[in-house]
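Here's the letter readout for the chains.
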Amino acid sequence: MDDQACPRCKTTKYRNPSLKLMVNVCGHALCESCVELLFLKGSGSCPDCNVPLRRSNFRVQLFEDSMVEKEIDIRKRILKDFNKKEEDFATIREYNDYLEDIESIIFNLVNNIDIINTNKKIDQYKKDNKELIMKNKAKIGREELELEEILEIEKQMEDSRRTEVLRIDQEAKKQKIREKEALIDELMFADGDAKDILNTFSQSLANKQEEIVSVPVPKVTHFSSGVKFTRGSGQQPLPIIEEGPLYKYEPLEIPDRCGPATPSIQEIISNGYLQHVRAENETEKAGGYKSTLPCLRALQDALAGLYHTS
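A few points on the structure. Computed from a predicted model, the values in this text were never measured in an experiment. (Residues numbered from 1 in each chain as written. Predicted model: local features only at pLDDT ≥ 70, side-chain atom pairs only at ≥ 80, totals over all residues. Heavy atoms only, no water.)

1. Looking at a nonpolar patch on the surface
Moving on, step 1. Together, V60, L62 and F63 give the surface a local cluster of nonpolar side chains, amounting to about 300 Å² of exposed area.
Moving on, step 2. Tracing the backbone shows L62 in the loop between β5 (59-60) and α2 (66-81).
Moving on, step 3. Residue classification places L62 among the exposed residues on the basis of a relative accessible area of 66%. (Patch = residues over 30% accessible without salt bridge, like charges linked within 9 Å, V, L, I, M, F, W, Y side chains within 5 Å. Areas by Shrake-Rupley, 256 points an atom, 1.4 Å probe, with all protein chains shown as cover. Salt bridge = Lys/Arg side-chain N within 4 Å of Asp/Glu carboxyl O. Helix = DSSP H or I, 4+ residues; strand = E, 2+ residues; numbered from the N terminus. Buried < 20%, exposed > 50% of the residue type's maximum accessible area, 1.4 Å probe, protein only.)

2. Some details on the state of the cysteines
Moving on, step 1. Scanning all chains against the criterion turns up zero disulfides.
Moving on, step 2. Among the cysteines around C6, which has no disulfide bond, C31 carries the closest sulfur, lying 3.6 Å off. (Disulfide = S-S within 2.5 Å.)

3. Observations concerning helix α5 (residues 130-189)
Moving on, step 1. Under the 1.5 Å per step criterion, the end-to-end length of α5 is 88 Å for 60 residues, consistent within 8% with the ideal 88 Å.
Moving on, step 2. Every buried residue belonging to α5 is among I133, N136, I150, E179 and L183, and all of these are buried. (Expected span 1.5 Å × (residues − 1).)

4. Concerning the side chain of S291
Moving on, step 1. Relative to the helices and strands, S291 resides in the loop between α8 (282-286) and α9 (292-303).
Moving on, step 2. When its relative accessible area of 10% is taken as the criterion, S291 is described as buried.
Moving on, step 3. If near-sequence neighbours (up to four positions away) are discounted, S291 is found in contact with L274, V277, R278, A279 and E280. (Contact = heavy atoms within 4.5 Å.)

5. Thoughts on the sheet that holds β5
Moving on, step 1. Taking strand neighbours across the sheet as the criterion, the three strands line up as β2-β1-β5 in an open arrangement whose pairing is antiparallel. In this open sheet, the two edge strands, each paired with only one partner strand, are β2 (30-31) and β5.
Moving on, step 2. Relative to β2, strand β1 (residues 21-23) runs antiparallel, the two sharing two bridges. In the strand pairing of β2, M22 is matched with L30. (Pairing = 2+ DSSP bridges.)

Written as structure tokens, this is what we have:
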């Protein structure tokens, strides 16, 4: 940033540490003194490109490259009108093409490429989508207003929390001062031994600290959607579960169903039971599901309780 210099008066940041470079919609930088001199009447033209400019539109340059400032200004202006959302398009391909058109328009305006046709394209878009642009602007305005309200609530809550913490600290300091004064009075006017007085005083302080129950203030966070998330509020601590013996797999014992024996998995596969059963897909197979399981369950339910003679 020390290499920055005004292109008109050649003043550098090194010679004038308080130098402020300012930019306008054209993207060419001027120092604050040159802006005041050239735009004394409120309007004028850029010394580099002769573009008509207004004094009120100049702002402090934040980035070292003035072209970045120009692109930011153009991008903000274009996105105010090109404010369609993904839900406004039938397919994601159309939405991606729309975003590419926006970037092409911004690139042309930043680099002064085909300015006339680009401005015609912007004007035609405004005419064709006038109602949708106004609708989306109103929606964005409501969302920004809601976000500002949420940020204001968060700020108020943070201020109140800081005030409460400060009050508790001040009260603790005052309590320590009172305890010291009480101890000094006790040592000055009591007839007992100083060691016994100190031990008694220390024991009473320890008892008071045990009686004080610290209740943590829940920290409430507002998400951008306005939903409050309170951590640790109104929740009981989870019970401590003692460790027991490790799990050991034992095969399932199927009791006598008083019916014919169901075929095994291998018999189900080889004897054609799966001809009218839907095969598992890749997702089900990844979860451990196989078509033989419902077939076996259906056969077990069908054969359970049937009277038969061997």
